[in-house]
Amino acid sequence: MSRSAHPAGPRHADVLPEGHYTAPPADLNALDPRVWSRTVSRAADGVVSVGGIDVKRLADEFGTPGFFLDESDFRERCRAWRDAFGEDADVFYAGKAFLSRAIVRWLHEEGLNLDVCSGGELATALAAGMPAERIALHGNNKSTEEITRAVEAGVGRIVLDSFQEIVRVAHIAERLGKRQRVQIRVTVGVEAHTHEFIATAHEDQKFGLALAGGQAAEAVRRALKLDGLELVGIHSHIGSQIFDMAGFEVSARRVVQLLAEVRDEHGVELPEIDLGGGLGIAYTSEDDPREPREIAAALRDIVTRECAAAGLAVPRISVEPGRAIVGPTAFTLYEVGTVKELPGLRTYVSVDGGMSDNIRTALYDADYSVALVSRTSTAEPMLTRVVGKHCESGDIVVRDAFLPADVAPGDLLAVPATGAYCRSMASNYNHALRPPVVAVTDGEARVIVRRETEEDLLRLDVG
Ligand SMILES: Cc1ncc(COP(=O)(O)O)c(C=O)c1O
Ligand SMILES: N[C@@H](CCCC[NH3+])C(=O)O
C-alpha cells in the first residue's frame, strides 16, 4: 500500500496536511491504465466509458453507487493466469475476492478452478455448474455441515487447517464411504510485506500448521494414517496484496523441504503443492504489480531448483489468485452529494456510498485513486478526502485524492480497482442497500448481482 507525503499542490499548498498523497498528477483528466481496466477510456465529450458504455448512461440505468465490472478484462486476466501457468499447473480463482454465478461460469469457460472458503461460496459454485472436482474448500473452522456437503459433492480437495479437522474430515469421508483428497495448510514463517491483518504466514496467527516446531510434519503423519484421507499435497498462503516475490520464494523453498522430509520419513512423494494467492494489484499509480507470466516463471524456477536439490520429482503446482484477477476489473461509480471545504485543512467530497461498499480504507488503511468521470475539467487540482454517507468519521473511501477544484454535487466519481474485497465485504451498516454488480462488455450491460432493496432488509427483519 503505497504512500508518501510530498507537500506539493496548487491549492492549499502552503498548508497541506499530512497524508498519503503524492504531488497532483500532471493531468487530472488522464486515466492511468495501470489502475483502470482495459476497456475504460474517456471520450471526446469528456465522459468515461467501460465496455463501450458511458458512465452517465450506466448511472441512469443502474443507479449509484454501483460496481461496474469489465467482463472482457476479467476473462483476459483469467486467460493470462491460465496460460502463464500452463497445462501442468492449476489456477484456482479465490472466490472470497468476489463470487457470483456469472463469475463461476466465466471461470469454468476460461479453464480456471475455484477456491471456496464457506458453505455459501460452495453453494454458489455448485449452483453455477462448476464441476466439483475443480473446487477446493478452505477455512480455518469449517463446520461439520460444510465438510459433509463438500465431501458429498466430491470436491477436488479440502485444505486441512488444524489437527481436529484432520480427524473430522477423515470421519466424514469414511462415513460417506469416500476417500477425500486433501492438502495440509502450513505456515512457513515468512513475514509478508503487507498490512498486518492480511499477512498469513508468520507463526502467530490462526491459519495453518507451523513448519517450525514440527506441527506441519505431525499433521502429515496423522493424515497419512487415516483411511478417509488421500493426502495429495502441502498448501501455503503467505498473505495478500504482496508485490515482493521474495516471500513466495521462501515459502516455495520451505514447502519443498517439507516434501523432502515426508519422503524421507514415510517413503511417500506428495504430488502437489499450492502456493496460495496474494499477488498485489495497482490501486494507485504508485503501485507496480507483476505480470502472471513473471510470477509463474519465478515460482516454477524455485520449485524446480529446490526439487532437483532434494532429488524430488517436480510436483504439480497450483496458485489461488483472487485480487489479481478480479480486483482491477471493476470500478465503483458514485455520485457526489456535498462538497465541504475546511479552510486550511482539506475539502471533503461526500458520495452516496462509503464504508458499506468499501471497508478496505477503514480496515487496512488502503489507498485508492478516484477520478471525475462524468466530464473533464480544467480547474486546478484540489486535495480532497472522498468520504461516504455513514455515521462514522472513519467512513473514508479515498483518504487523499486530487480532484478538480470545481467538483460539485451531481458529478460522477469512479474509484478504480474495487473488484476484489469490496462487494464481497460489503455490509448493511446504517441499513445501506448493498450496490449491484453490473457486467459490461461490447456495448452491453447486465446486472449480475442486483442492488439490495428495502424489502430485502425488511424481509430479514422478521419482527
Ligand atoms: C488461502 C487463500 N488463498 C487465496 C487467497 C486469495 O488472496 P488474493 O486475493 O490476495 O490473491 C486468500 C486470501 O488472502 C487465501 O486466504
Ligand atoms: N480481504 C482482504 C484480504 C484478505 C484475503 C483473504 N485471505 C483485503 O481486502 O485485502
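Residues numbered from 1 in each chain as written. Chains lettered and ligands numbered in written order. Predicted model: local features only at pLDDT ≥ 70, side-chain atom pairs only at ≥ 80, totals over all residues. Heavy atoms only, no water.

## Some remarks on the overall build of the chain
Under the convention used in this document: The helix and strand labels rest on DSSP assignments: H or I over at least four residues marks a helix, E over at least two residues marks a strand, and numbering proceeds from the N terminus. Atoms considered for the radius of gyration are the C-alpha atoms alone. The globule rule reads 2.2 Å times the number of residues to the power 0.38. Per-residue accessibility, obtained with a 1.4 Å probe over protein chains only, is compared with the maximum for each type, and a residue is labelled buried under 20%, exposed over 50%, and partly exposed between these values. Computed with a 1.4 Å probe, the accessible areas rest on the Shrake-Rupley method; for each residue, only the protein chains presented here act as cover. Under the convention used here, Asp and Glu are negative, Lys and Arg are positive, and both His and the chain ends fall outside the count. The atom standing in for a charge is NZ when the residue is Lys, CZ when it is Arg, CG when it is Asp and CD when it is Glu.
Within the chain, the secondary structure is distributed over twelve helices and 21 strands. Relative to the 2.2 N^0.38 estimate, which gives 23 Å for 463 residues, the radius of gyration of the chain is 23 Å and therefore close to what a compact globule would have. For the chain, the spread of C-alpha atoms along the three principal axes comes to 70 × 50 × 40 Å. Looking at the chain as a whole, 57% of its 463 residues are labelled buried. As displayed, the chain offers around 18700 Å² of accessible surface, 48% of which is attributable to carbon and sulfur atoms. Separation of charge centres in the chain, based on 50 positive and 69 negative side chains, amounts to 3 Å.

## Digging into the UniProt feature "modified residue: N6-(pyridoxal phosphate)lysine" (unreviewed entry) in the chain
Applicable threshold: UniProt positions are given in the numbering used here, feature names are shortened, and annotations may be inferred rather than shown by experiment. We call two residues contacting when some pair of their heavy atoms lies within 4.5 Å.
The positions UniProt marks with the feature "modified residue: N6-(pyridoxal phosphate)lysine" (unreviewed entry) are Lys96. Positionally, Lys96 belongs in the loop between β5 (89-94) and α3 (101-109). Lys96 has contacts with Asp115, Cys117, Glu121, Tyr421 and Ser424, leaving out every residue within four places of it along the chain.

## Some remarks on the UniProt feature "binding site: substrate" (unreviewed entry) in the chain
Here is the rule we go by: Here a polar contact means two N or O atoms within 3.5 Å. Within protein one must be a hydrogen donor candidate and the other an acceptor candidate, and residues neighboring in sequence count only if both atoms are side-chain atoms.
Those residues carrying the UniProt feature "binding site: substrate" (unreviewed entry) are Arg323, Arg360, Tyr364, Glu392 and Tyr421 in this numbering. Their sequence span is 99 residues, while the largest C-alpha to C-alpha distance among them is 26.9 Å; these annotated residues do not converge on one region. Summarising the element assignment, Arg360 is placed in helix α11 (residues 360-364). A polar side-chain atom of Arg360 sits 3.5 Å from a polar atom in the side chain of Tyr283.

## A short note on the state of the cysteines
What counts here: Working definition: a disulfide is two cysteine sulfur atoms within 2.5 Å of each other.
Following the criterion strictly, the structure yields zero disulfides and no others. Free cysteine Cys422: the closest other cysteine sulfur is in Cys117, separated by 16 Å. Overall, Cys422 belongs to the buried group, its relative accessible area being 1%.

## What to know about the side chain of Arg75
Relative to the helices and strands, Arg75 resides in helix α2 (residues 71-85). Judged by its relative accessible area of 16%, Arg75 falls in the buried class. Reaching out from Arg75, the side chain makes a polar contact with the side chain of Glu110 at a distance of 2.8 Å. Not counting residues within four places of it along the chain, the set of residues in contact with Arg75 comprises Trp106, Glu109 and Glu110.

## So, the site of ligand 1
Heads up, the rule is: Summary of the distance rule: residues count as near a molecule or strand when at least one heavy atom falls within 4 Å of that molecule or strand. Gly is placed with the polar residues, together with every amino acid not listed as nonpolar (Ala, Val, Leu, Ile, Met, Phe, Trp, Tyr, Cys and Pro) or charged (Asp, Glu, Lys and Arg).
Among the 15 residues in the neighbourhood of ligand 1, the closest are listed as His237, Ser240, Gly278, Glu320 and Tyr421. Taking Ser240, its side chain carries an N or O atom lying 2.3 Å from an oxygen atom of ligand 1. One of the side-chain N or O atoms of Glu320 is found 2.6 Å from a nitrogen atom in ligand 1. When isolated, ligand 1 has an accessible area of 400 Å², and the protein chains bury 92% of it. A class-by-class count of the residues in the shell around ligand 1 yields three nonpolar, seven polar and five charged.

## Observations concerning the nonpolar core
For soluble globular proteins, nonpolar side chains are generally found buried alongside one another. Note the cut-off: Take the buried residues of types Ala, Val, Leu, Ile, Met, Phe, Trp, Tyr and Cys, join any two whose side-chain atoms come within 4.5 Å, and each joined set is a nonpolar core.
In this structure, Phe74, Tyr93, Ile158, Ile184 and Leu413 are the most contacted members of the largest nonpolar core, which totals 108 residues. If you tally residues by element for this core, the top one is helix α8 (residues 246-266), at eight residues. Within the second largest apolar cluster, 22 residues are counted, among which are Val47, Ile53, Phe331 and Val438.

## Thoughts on α8
Every α-helix carries 3.6 residues per turn, so stepping three or four residues along brings you back to the same face. Here is the rule we go by: The span expected for a helix works out to 1.5 Å for each residue beyond the first.
With 21 residues, α8 ought to run about 30 Å at 1.5 Å a step, and its terminal C-alpha atoms sit 30 Å apart, in line with that. Those residues of α8 that sit buried are Gly247, Phe248, Ser251, Ala252, Val255, Val256, Leu258, Leu259, Ala260 and Val262. Buried positions along α8 lie against β9 (180-187), α7 (215-225), β11 (229-235), β12 (272-274) and α9 (292-310). Gly267 lies just past α8 and shows a positive phi near 70°.

## Digging into the pattern of salt bridges
Filter applied, for reference: The salt bridge definition used is simple: a Lys or Arg side-chain nitrogen within 4 Å of an Asp or Glu carboxyl oxygen.
Counted by the stated rule, this structure contains 32 salt bridges. Ionic pairing is found between Glu76 and Arg38, a salt bridge with its closest N-O pair at 3.0 Å. Highlighted residues: Glu76 in helix α2 and Arg38 in the segment before β1 (41-42), separated in sequence by 38 residues. Overall, the relative accessible area of 33% leaves Glu76 in the partly exposed class. Residue classification places Arg38 among the partly exposed residues on the basis of a relative accessible area of 47%. Connected through salt bridges with shared partners, the residues Glu71, Arg75, Arg79, Glu109 and Glu110 form a single ionic network.

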